Amino acid sequence: MSSSASQNTSSPMLGLSSAVTEAESFKLGAGPAEARRTWMIACGATGGVAAAAVAIPFLGSMAPSEKARSAGAPVEVDIGDIPVGGVKIVEWRGKPVWIVRRTPEMLESLAKADGQLADPGSNRTDYPTPDYAKNQHRSIKPEFLVAVGICTHLGCSPVSAFTTGAASGIAPDWPGGFFCPCHGSTFDMAGRVYANKPAPDNLEVPRHMFLTDASILIGKDEQGEA
Ligand code: FES
């Protein structure tokens, strides 16, 4: 896999999001060795802020009004253009948020991972999971995962590692998920961290809600703003 993703800035709402095709989404997840080289540089010296800047380089080009909006306000995102197996990345409160449109195979992989995870039920409280995402797929609709793309260890940004099996470069039986190159934490396709890894918790699922079948609001749900 290549570490360079071809990303298409595509959201008319924000001008900040990036949607990729299924094939391109795989490219987002560099092979572990390649990704580790890049991300050790990003994470080792300056931590997660630098890492996020490397992962989402277009964040640096925000207009002032966009910066203000992303600083706290909920973010409305068009998800209708995300292909099955693809990812869209937006910024919310200065953090990258992934919206992953999972394939049936990705969803099937979740059950297989259950026994190897540190917190399969998302019961830990440091990164509390909203009740509507306290399920195996950690989402409102199984198809769509919404998660903050920041590792719960030291704040690097994991990469997608959707290629399964030995071709992933992670493990012969890798079922697909996310990989943090900084120190090797691995997460399943719901952002649940594998046991005995440096990252102590699952990836954060931010408050969010569906406005329509094709749009979501990040940072607010029926209970209010995050
Ligand atoms: S920051 Fe250390 S494993 Fe992710």
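Analysis parameters
- Counting restarts for each chain, with residues numbered from 1 along the sequence as it is written.
- Two thresholds apply to this predicted model, a pLDDT of at least 70 for residue-level local features and 80 or more for giving and counting side-chain atom pairs, whereas whole-chain, interface and lining totals are computed over all residues.
- Following DSSP output, two strands are said to pair if at least two bridges run between them.
- Each helix is a run of DSSP H or I of at least 4 residues and each strand a run of E of at least 2, with the numbering of both proceeding from the N terminus.
- With axes taken as lines fitted to C-alpha atoms, and helix axes fitted only over the stretch in contact, angles between N-to-C directions fall between 0 and 180 degrees.
- Contact between two residues is assigned when their C-beta atoms, built from the backbone, lie within 7 Å.
- By our criterion, buried Ala, Val, Leu, Ile, Met, Phe, Trp, Tyr and Cys residues that link up through C-beta atoms within 7 Å make up a nonpolar core.
- Residues with at least 20 other C-beta atoms within 10 Å of their own are called buried, those with 12 or fewer are called exposed, and the rest are partly exposed. The C-beta atoms themselves are positioned from the backbone.

1. Describing the sheet that holds strand E10 (residues 208-212)
Strand order in the open sheet formed by 3 strands is E3-E11-E10, with antiparallel pairing between adjacent strands. Pairing within the sheet leaves two strands with one partner each, and these edge strands are strand E3 (75-78) and E10. Strand after strand, the sheet turns through a mean of 25 degrees between neighbouring axes, direction not considered. Looking at chain direction, E10 and strand E11 (residues 215-218) are connected through 4 bridges and run antiparallel. Its bridge partner being in E11, Phe210 is matched across the sheet by Ile216.

2. A closer look at the environment of Tyr127
Of note, Tyr127 is situated in the loop between helix H4 (104-113) and strand E6 (144-148). Between the alpha carbons of Tyr127 and Thr152 there is a distance of 8.4 Å; along the sequence they are 25 residues apart. Excluding residues that lie within four positions of it along the chain, Tyr127 makes contacts with Thr152, Asp201, Asn202 and Glu204.

3. Topic: the nonpolar core
One finds Val97, Ile99, Val146 and Ile218 to be the most contacted residues of the largest nonpolar core, which totals 42 residues. If you list the elements that add at least two residues to this core, you get E3, strand E4 (87-92), strand E5 (95-101), H4, E6, strand E7 (159-161), strand E8 (177-180) and E11. Look past the residues within four positions of Val146 in its chain and what remains in contact with it is Val97, Ile99, Ser139, Val205, Pro206, His208, Ile216 and Ile218.

4. Quick word on unusual backbone geometry
Glycine aside, the phi torsion of most residues is negative, and most peptide linkages are trans. One non-glycine residue, Ser122, lies in the positive phi region at around 55 degrees. Structurally, Ser122 can be placed in the loop between H4 and E6.

5. Points about the environment of Val159
Among the structural elements, Val159 can be located in strand E7. Considering only alpha carbons, one finds Val159 and Gly149, 10 residues apart in sequence, at a separation of 8.3 Å.

6. Quick look at the sheet that holds E8
Across the sheet, 3 strands lie side by side as E7-E8-E9; this open sheet has antiparallel pairing. Unpaired on one side and paired on the other, E7 and strand E9 (185-187) mark the two borders of the sheet. Direction aside, neighbouring strands of the sheet carry axes that sit 30 degrees apart on average. Both E8 and E9 contribute to a ladder of 3 bridges, which runs antiparallel. Considered in E9, the bridge of Phe178 is made with Phe187.

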